[in-house]
Amino acid sequence: MMVADVIFYLFATVTVLSALGVVGARNPVHSVLFLVLAFFSTAGLFVLMGAEFLAAILVMVYMGAVAILFLFVVMMLDVDFSMLRRESVRYLPMGFVVGAVMLAELGLMMAHHPGEGLHLGLDNTDNTLAIGQALYTRFLYPFEVASLILLVALIGAVALTHRERKRVHRQDISTQLARTKEDAVELRKVASGEGA
Amino acid sequence: MAEILNMVHELGEGLFGPLLWSLVWVVIKVVLLLAPVLFMVTYITLAERKVIGAMQVRPGPNRVGFFGVLQPLADAVKLIFKETILPEKADKSLFLLAPLLTLVPALLSWAVVPFSPELILADVNVGILYILAISSLGAYGIIISGWASNSRYAFLGSMRSVAQMVSYEVSMGFTLIPVILITGSLSLVDVVEQQKDWWNIIPLAPMFFIYFISVVAETNRSPFDLPEAEPELVAGFFTEYSAMSSGLFFMGEYANIVLVSFLGALVFLGGWLPPLSILDFIPGIIWLGLKAGFLMFVFLWIRATFPRYRYDQLMRLGWKVFLPVSLFWIFLTGLVLQLTRGIGGE
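For clarity, every value in this text was computed on a predicted model and none was experimentally measured.

### Some words on the overall build of chain B
Point 1. Across its full length, chain B carries 13 helices and zero strands.
Point 2. Walking chain B from its N terminus toward its C terminus, one meets helices and strands in the order α-α-α-α-α-α-α-α-α-α-α-α-α.
Point 3. Computed over its C-alpha atoms, the radius of gyration of chain B comes to 21 Å, within 12% of the 20 Å expected for a compact globule of 346 residues.
Point 4. Seen along its three principal axes, the alpha-carbon backbone of chain B occupies a region of about 65 × 60 × 45 Å.
Point 5. A buried classification covers 50% of the 346 residues belonging to chain B.
Point 6. When contacts within chain B are restricted to residue pairs at least 6 apart in sequence, those whose partners lie at least 24 apart make up 76%.
Point 7. Here chain B has roughly 16,400 Å² of accessible surface; of this, 71% comes from carbon and sulfur atoms.
Point 8. Taking the 20 positively charged and 24 negatively charged side chains of chain B as two groups, their mean positions are separated by 12 Å.

As C-alpha cells, then:
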C-alpha cells in the first residue's frame, strides 16, 4: 500500500466517523465541532486528489466562516438537549427517505460517469488558474447569476431583520466630526447666588 | 544553509535507505523549522517587556540571568510546574483541547513560509491561500475555550474575540489579493522574487498599512485587545485557564505575531531581497529577519503607545473603512494591470 493510500483511508475514516458524530453527539455544540472536523478531513481528501484550491476554499469558507456562525447560534440558543434527543427519533423515517434518495442520485451519477470522475479537462498542476479560467469564461453567466442571487439574499436578510429603534442613541461619525467649539460649548458668566 | 541541508540529506539516504529516510527527513525538517520559531516565540515575550519597559523609562525584567535573558525560561518553568485548575462545570475535554487549537494553527502555517528561495518546508503553489485557510482556524480555539469554560466572562470575551477575528480576516485577505494579482501566482517564493525591481509596499502602500492594522486586530493585540479587556471582562476568554493551559494561549498569540510579521515582510517588504543591490553580500535570511523583526517591534511599539479601541469603533473600522478601501484597491490594481500588461487579454 502506498503512503497516499494510508493517508486517504485515515482521512476517509475520520470524515465518516465525524459525520456520524454530527448526528450522534449528545450536545449540539459537539455536533457542530464534529461537523468542523468532517469539513477539515474532507479538505484533506481534496488535497490528496490534487484539488488544493477547493481544499483551501472549503477550509476558509466553511470552517472559517459558516461553521463559526453555526457555533455562535448554537452556543447562544438555550436548548433542552434531552427533549431534542427524544424528538429526534420521530424524524428517523424521514431521514431514511432523504438518505435513500441521495444515495440513489449518487448511484445514478456514478453510473453515467464510470470511473472518469469530474475532470472538466483541467490541468491538475495549477487548478486555481484552471478554475478561474473556467469560471470567468465558460461559466461566466451562471457564475454571475449565482453571485447576484447571493447578493439579493444578503440584502434581503438585512432588510428583513433591520429595524430602526427610536430610543437608541446612534453614533453618527460625520455629525460628530462636524461639531465645532462654537455649537458645542457655551460660556456664561453666572453671578454668585443666581445660577439655577 | 541549503547546501548543508542537502549534504545531510544525501548522507542520511545512504545510511537509512530511501523510504525510512524520507520519513526521518520530514521530522528533521519540521524540527529545524519549529525550533527557531519557538525560540522567537519565547524571546518575543522578553523583548516585549524590555521594549515597553524602555518606552516607559524603567528597566524591565533584569534579575534572571545577565540582562534578564533567562527570564522566559524562568517563566516557562513556573508555568509548567503550576497546577492546572479545571473548573467544576467546564466541558473537560474541550476545555483542554482549546489552547492546543490556538497554538497548532499558528505553527502549521510555518510549513509554507520561505526563508530563502530554497529554505522552505513545503513550496506549495497555493502558499498564500494555505496561510489564509489555516489562520482562519485560530478562531476555534478561542470560541471553544469561551464555551467550555462555562463562565460568563470567558464566553463574552470569546464572542468578542471571534467576531473581531472573523471581521479582520476578511480585510487581511483582501489586502493580499492585489499582491496576488501583481504576482500572478499564489506561491510565496514567486511573490518575493517578483519584488526584485521594487517592493510591493511602493505600489501598494495603503494595502500594507491596512494589512498591518488588520493583523494587529486579528492577533488580538493592543490597541485592539478587547477580548482581554481586563477592566470589564477580567481576562476575556482565558479567564478560567491557569498554568500551562493559559501559557499555550499566550504561545499561540506570540506565534501568530511572529508569523504575520514574517508574512508582512515577505509579501510587502521584499522578503529576503536587500533594499539596494549593492548590499547583496549580506545573506537574504538576515534581511528577512531584520524586516520581520522591525514589524514585531512595531507590534510592541503600538502596544506602548495607543489606548484601547472601543468595540463599535473597531467593527466600524473593519467593515466600513478597511473593507471598501481594500476592495477599491483590488479593482484599481486589476485596472492598472489590465492597462499596462493586459492580463488575461487575447
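### A few points about the packing of aromatic side chains
Residue and element names in this part refer to chain B.
Point 1. For the coordinates displayed, the defined rule picks out 19 aromatic pairs over all chains.
Point 2. Between Tyr 211 and Phe 268 the ring centres are 5.5 Å apart and the planes differ by 50°, which places this aromatic pair in the tilted class. Remark: Phe 268 occurs in the loop between α11 (243-267) and α12 (284-305) and Tyr 211 occurs in helix α9 (residues 205-218); sequence separation between them is 57 residues.
Point 3. What links up through ring pairs into an aromatic cluster is the set Tyr 168, Phe 224, Tyr 309 and Phe 322.
Point 4. Lying over the aromatic face of Phe 67, Lys 50 brings its terminal NZ or CZ to 4.3 Å of the ring centre.

### Notes on the side chain of Ser 149 of chain B
Residues and elements named next belong to chain B.
Point 1. By the secondary structure assignment, Ser 149 is in helix α6 (residues 138-149).
Point 2. Classification of Ser 149 as buried rests on a relative accessible area of 2%.
Point 3. Setting aside residues up to four positions removed in sequence, Ser 149 forms contacts with Pro 87, Ala 90, Phe 95, Ala 154, Phe 237, Glu 240 and Tyr 241.

### Comments concerning the domain arrangement of chain A
All names here are of chain A.
Point 1. If you check the domain split of chain A, you get domain 1 (1-80) and domain 2 (121-158).
Point 2. Between the C-alpha centres of domain 1 and domain 2 the distance comes to 23 Å.
Point 3. The interface is formed by six residues belonging to domain 1 together with five residues belonging to domain 2.
Point 4. For the pair domain 1 and domain 2, the two sides together bury roughly 380 Å², of which 50% comes from carbon and sulfur.
Point 5. A per-residue breakdown of the area domain 1 buries against domain 2 is headed by Gly 50, Glu 52 and Phe 53, which together make up 81% of the total.
Point 6. Taken together, the connections running from domain 1 to domain 2 amount to zero salt bridges.
Point 7. Along the contact surface separating domain 1 from domain 2 lie zero residue pairs in polar contact (both at pLDDT 80 or more).

### Some details on unusual backbone geometry
All names here are of chain B.
Point 1. Backbone geometry at Val 57 places phi at a positive 55°, although glycine is not the residue there.
Point 2. Looking at where Val 57 falls in the secondary structure, it is placed in the loop between α2 (18-55) and α3 (71-81).
Point 3. You will see that Asn 150, though not glycine, has its phi angle at about 60°, which is positive.
Point 4. Structurally, Asn 150 is set in the loop between α6 and α7 (152-183).
Point 5. Of the residues examined, Asn 150 reaches a relative accessible area of 48% and is grouped as partly exposed.

### Let's talk about the pattern of salt bridges
Point 1. Tallied over the entire structure, the rule returns seven salt bridges over all chains.
Point 2. The salt bridge involving Arg 188 of chain A is made with Glu 186 of chain A; its shortest N-O contact spans 3.1 Å. Both residues of the pair, Arg 188 of chain A and Glu 186 of chain A, belong to the exposed class.
Point 3. The structure contains a network of salt bridges with shared partners spanning Glu 48, Arg 221, Glu 253 and Arg 303 of chain B.

### Some thoughts on the nonpolar core
Point 1. Among the nonpolar cores identified, the biggest contains 106 residues, and Trp 110, Tyr 140 and Phe 268 of chain B are the most heavily contacted of them.
Point 2. The element best represented in this core is α11 of chain B, accounting for 13 residues.
Point 3. Not counting residues up to four positions away in its chain, the partners in contact with Tyr 140 of chain B are Leu 33, Val 36, Met 63, Ala 67, Ile 68 and Leu 71 of chain A.

The rules behind each value
- Residues numbered from 1 in each chain as written.
- Chains lettered and ligands numbered in written order.
- Predicted model: local features only at pLDDT ≥ 70, side-chain atom pairs only at ≥ 80, totals over all residues.
- Heavy atoms only, no water.
- Helix = DSSP H or I, 4+ residues; strand = E, 2+ residues; numbered from the N terminus.
- Rg over C-alpha atoms; globule rule 2.2 N^0.38 Å.
- Buried < 20%, exposed > 50% of the residue type's maximum accessible area, 1.4 Å probe, protein only.
- Contact = heavy atoms within 4.5 Å.
- Areas by Shrake-Rupley, 256 points an atom, 1.4 Å probe, with all protein chains shown as cover.
- Lys, Arg positive; Asp, Glu negative; His and termini not counted.
- Charge placed at Lys NZ, Arg CZ, Asp CG, Glu CD.
- Phe/Tyr/Trp six-rings, centres within 6.5 Å; stacked < 30°, edge-to-face > 60°.
- Lys NZ or Arg CZ within 6 Å of the ring centre and 35° of its normal.
- Domains from an automatic or database assignment.
- Buried area = accessible area lost by both parts, 1.4 Å probe.
- Salt bridge = Lys/Arg side-chain N within 4 Å of Asp/Glu carboxyl O.
- Polar contact = N/O pair within 3.5 Å; in protein donor to acceptor, adjacent residues only side chain to side chain.
- Core = buried A, V, L, I, M, F, W, Y, C linked by side-chain atoms within 4.5 Å.

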